[in-house]
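Spelled out from the first residue to the last, the chains are:
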Amino acid sequence: MGGGTISMLAAIFMTLLFTLELWSFISGFESTTIIVDQDSATSIWVNFNVTVPSCHCDHISVDVEDMLGTNVMDIQKNIEKIPLDEDGVELPDLDHSHHHAAPDGHVSEEENLVANEATTKETYEPTVLAADTFTKYVDTHEWVFVYFGASWCHWCQKLDPIWKAAGEVLKNRGAAISLPKVECTKDTALCQEHQVHALPTIQLFHNGHLVPPNYRGPRTVNDLVHFAENAAVSKKKAEEAKVANQGKTRNDVGCSVSGHLLVHRVPGSIQFSVKSGEHNFNREHINFTHVVHHFSFNSVPESWEEMLAVMEDDSHRALVSKWYGRNFNSPKDHVVHEHYLKVVQSQLKPLGLSSEKQMYEHTISSHSYVSEQLAHVRFHYDLSPMQVVKEWKRRPFYEFITNLLALIGGTFTVMGIVNEAYNGVVAKARMGKLG
């Protein structure tokens, strides 16, 4: 009975060892080697998804520069910017095409002359609103077109006479809209409340409610007067987008920036900042706290479908992007964030008929500091001259057979010894010689 039990245990044990050995042979093993990078490609893709919760999409710029002298600013192609509310919920990107729809000659030359004369003689001055008068003024006027400016702002200095002339034209035409001004140098808190990050900022109000988006059209008397007289068009578009009558300030406080860029395979950087050729920025109000959801590199795809497959492959993203929602706060004003990425190309050679894969892994080192510059985020990348080759290999078949026979022979030998020892103990017990 005892010998049968030992034989059964031996059979189970050998079966287990055989299964493990077979699985080890089938699955193979990983071999990692490091070689000099052999890739002849001159470009790579950079994929990213970054949320900036405290900066509007209006002026966020994505820039690229590298060691070859490339310096491209405010890239639009393959970049998507989605406005976000304070809870991070996506908002519609409002249509502002009507801001650029003024026909030539909407304001006649004679009207321009009269308005310019009134501006020169200072017979007309726009109403200046302050923190204690702003709310009452926009609540008691049906249509209000407000200009937020500052005395130190170059673009505001250019707009001041144009704004006065446009107000004079509208007054002479008897238009039911007023063009007041807010001086942000004096009323900083009021401008911050209305999220005035860029100067000048021009906003439309109807019965005390902001009509988004901010005015983005040309700043000429002709264009400003045309927009003001057709303010109802903006109101209608806001209603269609279901963002009308929601308060006196903008709902969009942040921006989600995502996309992909084709860059040279040389050291370079990608920067997220605010830029405009028609605004000055209030550096006290620019905050680049950000969350990096994804940032990765990969070889240039052969088709758009291949690119989508790479972007949507969770297993691939887990290998190449180490970010996964990392948050980088700006606890003070004027904080610049710098991320340094060391990029290494990896070549994966799986077993069987599966095709080889190329991927780029990277290390991350981040730093932030207070600067006299405008706040921004910069991702520096540097590609290693070495390449990691990960190859899955299968052991030779003769090695599998040798190990298998060794396991079987060893098991038989050990179990034979155990069986002999057991039988000896049983024999002594029957003869009463154990004591």
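Along each chain, residue indices are assigned from 1 in the same order as the chain's sequence is written. Local features in this predicted model are restricted to residues of pLDDT 70 or higher, and side-chain atom pairs are both shown and tallied only at a pLDDT of 80 or more, whereas totals for entire chains, interfaces and linings draw on every residue. Working from all heavy atoms in the structure, the side-chain values ignore hydrogens and water.

*Asks:* Honestly, the overall build of the chain in this entry has me stumped. Any pointers?
*Replies:* Strands here are runs of E lasting at least two residues and helices are runs of H or I lasting at least four, both read from the DSSP assignment and numbered beginning at the N terminus. The helix and strand tally for the chain stands at 10 helices and 19 strands. A radius of gyration in this sense is built from C-alpha atoms; the matching globule rule multiplies 2.2 Å by the number of residues raised to 0.38. Scaling as 2.2 N^0.38, a compact globule of 435 residues should have a C-alpha radius of gyration of about 22 Å, whereas the chain reaches 36 Å, well beyond that. Reported as C-alpha extents along the three principal axes, the dimensions of the chain are approximately 130 × 50 × 40 Å. Accessible area is worked out with a 1.4 Å probe on protein chains only. A residue is then buried under 20% of its type maximum, exposed over 50%, and partly exposed in between. Counting all 435 residues of the chain, 44% fall into the buried class. Note on definitions: a residue-residue contact is assigned when non-hydrogen atoms from the two residues lie within 4.5 Å. A separation of at least 24 residues holds for 83% of the contacts in the chain among residues at least 6 apart in sequence. Residue-level accessible areas treat just the shown protein chains as cover; the underlying method is Shrake-Rupley with a 1.4 Å probe. As presented, the chain carries roughly 22,900 Å² of accessible surface, and 56% of it is formed by carbon and sulfur atoms. In this tally, Asp and Glu contribute negative charge and Lys and Arg positive charge; neither His nor the terminal groups of the chain are included. Here the site of a charge means NZ on Lys, CZ on Arg, CG on Asp, or CD on Glu. Treating the 36 positive side-chain charges of the chain as one cloud and the 53 negative ones as another, the clouds have centres 8 Å apart.

*Asks:* For this particular structure, what's the right way to read a nonpolar patch on the surface?
*Replies:* Where nonpolar side chains cluster on the molecular surface, the patch consists of Phe397, Ile401, Leu405, Ile408 and Phe412 and spans about 500 Å² of accessible area. Along the chain, the position of Ile408 falls in helix 10 (residues 397-431). Think of a patch as exposed residues, more than 30% relative accessible area, with no salt bridge, where like charges cluster within 9 Å and nonpolar side chains (Val, Leu, Ile, Met, Phe, Trp, Tyr) cluster within 5 Å. Whenever a carboxyl oxygen of Asp or Glu lies within 4 Å of a side-chain nitrogen of Lys or Arg, that contact is scored as a salt bridge.

*Asks:* Honestly, the environment of Asn47 in this entry has me stumped. Any pointers?
*Replies:* Inspection of the secondary structure assignment puts Asn47 in strand 2 (residues 43-52). Each C-alpha atom of the pair Asn47 and Gly259 lies 6.0 Å from the other, and the pair is 212 residues apart in sequence. Of the polar contacts made by the side chain of Asn47, one reaches the side chain of Asn298; its length is 2.5 Å. Any pair of N or O atoms that falls within 3.5 Å is considered a polar contact. Within protein, one atom must be able to donate a hydrogen and the other to accept it, and sequence-neighbouring residues count only if both atoms are side-chain atoms.

*Asks:* What is the right way to look at the packing of aromatic side chains in this model?
*Replies:* Two descriptors summarise a pair of aromatic rings, namely the distance from one centre to the other and the angle between the planes of the rings. A pair of aromatic rings is counted whenever rings of Phe, Tyr or Trp (Trp by its six-membered ring) have centres within 6.5 Å, and the orientation is called stacked for planes under 30 degrees apart, edge-to-face for over 60 and tilted otherwise. Scanning the entire structure with this criterion turns up 16 aromatic pairs. Measuring from centroid to centroid gives 5.8 Å for Phe145 and Tyr215, while their planes differ by 85 degrees, and the two rings are edge-to-face. Pair noted here: Phe145 is in strand 7 (residues 143-149) and Tyr215 is in the loop between strand 11 (209-211) and helix 6 (221-229), with a separation of 70 residues, a long-range link. In this pair, the class of Phe145 matches that of Tyr215, namely buried. Between Phe295 and Phe379, the aromatic rings sit 4.4 Å apart at their centres with planes inclined by 20 degrees, giving stacked as the arrangement. Residue Phe295 is located in strand 15 (residues 290-299), and its partner Phe379 is located in strand 19 (residues 377-393); the two are separated by 84 residues in the primary sequence. The same class applies to Phe295 as to Phe379, namely buried. Taken together, Phe48, Phe272, Phe295, Phe297, Phe379 and Tyr381 form an aromatic cluster joined through their ring pairs.

*Asks:* Teacher, can you tell me more about the state of the cysteines here?
*Replies:* In protein chemistry, a disulfide is the covalent bond that joins the sulfur atoms of two cysteines. Disulfide assignment relies on a single distance test, namely cysteine sulfur atoms paired within 2.5 Å. Inspection of the entire model under this criterion finds 2 disulfides. What pairs with Cys57 in a disulfide is Cys255, and their sulfur atoms sit 2.0 Å apart. Residues Cys57 and Cys255 are joined by a disulfide whose S-S torsion is about 105 degrees; by sign, that bridge is right-handed. Separated by 198 residues along the polypeptide, Cys57 in the loop between strand 2 and strand 3 (60-66) and Cys255 in strand 12 (residues 254-264) bring together distant segments of the chain. A residue is classified by how much of its surface remains accessible, and Cys57, at 12% relative accessible area, is buried. Under the relative-accessibility criterion, Cys255 is labelled buried at 0%. Note that Cys184 is cross-linked by a disulfide to Cys191, the S-S spacing being 2.0 Å. With the S-S bond torsion at -90 degrees, the cross-link from Cys184 to Cys191 turns out left-handed.

*Asks:* Explanation requested: the sheet that holds strand 6 (residues 128-129) in the structure shown.
*Replies:* Think of a sheet as strands paired side by side through backbone hydrogen bonds, with each pair either parallel or antiparallel. With mixed pairing, the 5 strands of this open sheet are ordered in space as 6-8-7-10-11. Lying at the two open borders of the sheet, with one neighbouring strand each, are strand 6 and strand 11. Pairing between two strands requires that DSSP report at least two bridges joining them. Bridge count between strand 7 and strand 10 (residues 201-206): 6 bridges; the pairing is antiparallel. By the bridge assignment for strand 10, Phe148 is matched with Thr201.

*Asks:* In this structure, what is going on with the pattern of salt bridges? I would like to understand it.
*Replies:* In total, this model carries 20 salt bridges according to the counting rule given. Of the charged contacts in the structure, one is a salt bridge between Asp74 and Lys81, with a shortest N-O distance of 4.0 Å. For Asp74, a relative accessible area of 35% corresponds to the partly exposed category. Ionic pairing is found between Glu229 and Arg173, a salt bridge with its closest N-O pair at 3.0 Å. Of this pair, Glu229 sits in helix 6 while Arg173 sits in helix 4 (residues 154-173); the two residues are 56 residues apart in sequence, bridging distant segments of the chain. Bridged by salt links that share partners, the residues Asp58, Arg216, Arg250 and Asp252 form one connected network.

*Asks:* Just checking my understanding: could you explain the pairing of strand 19 for this structure?
*Replies:* A regular strand places its side chains on the two faces of the sheet in alternate fashion. One ladder, built from 8 bridges, connects strand 1 (residues 29-36) with strand 19; its direction is antiparallel. Its bridge partner being in strand 19, Phe29 is matched across the sheet by Lys393. In this sheet, strand 19 lies alongside strand 13 (residues 268-274) in antiparallel orientation, the contact comprising 5 bridges. Among the inter-strand pairings, Gly268 is bridged to a residue of strand 19, identified as Tyr381. Bridging between strand 17 (residues 335-349) and strand 19 involves 12 bridges; their strand directions are parallel. Bridge assignment links Leu348 to a residue of strand 19, and that residue is Lys390.

*Asks:* Can you help me understand the nonpolar core in this one?
*Replies:* The tendency in soluble globular proteins is for nonpolar side chains to be buried as a group. Put simply, buried Ala, Val, Leu, Ile, Met, Phe, Trp, Tyr and Cys residues joined by side-chain atoms within 4.5 Å make one nonpolar core. Phe134 and Phe145 are the most contacted members of the largest nonpolar core, which totals 44 residues. Counting residues per element, the ones that place at least two in this core are helix 3 (134-140), strand 7, helix 4, helix 5 (188-193), strand 10, strand 11, helix 6 and helix 7 (231-240). It is helix 4 that provides the largest number of residues to this core, a total of 7 residues.

*Asks:* Explain the packing of helix 2 (residues 109-120) against helix 4 here, please?
*Replies:* Between two packed helices, what matters for the description is the angle formed by their axes and the separation of those axes. A fitted line through C-alpha atoms represents every axis, and for helices the fit uses only the stretch in contact; the resulting angles, taken between N-to-C directions, go from 0 to 180 degrees. The contact between helix 2 and helix 4 brings their axes to 8 Å, and the two run at 120 degrees. Between helix 2 and helix 4, the interaxial angle falls into the category oblique. Both helix 2 and helix 4 take part in a crossing whose hand is right-handed. Contacts between helix 2 and helix 4 involve Glu111, Val114, Ala115, Asn116, Ala118 and Thr119 on the former and, on the latter, Pro161, Lys164, Ala165, Glu168, Val169, Asn172 and Arg173. Under this grouping Gly is polar, as are all residues other than the nonpolar Ala, Val, Leu, Ile, Met, Phe, Trp, Tyr, Cys and Pro and the charged Asp, Glu, Lys and Arg. Residues belonging to the contact of helix 2 with helix 4 are distributed by class as follows: 6 nonpolar, 3 polar and 4 charged. These descriptions rest on fixed angle ranges, namely under 35 degrees for roughly parallel, over 145 for roughly antiparallel, 65 to 115 for roughly perpendicular, and the rest for oblique. By definition, turning the near helix anticlockwise from the far helix through less than a right angle yields a left-handed crossing, and turning it clockwise yields a right-handed one.

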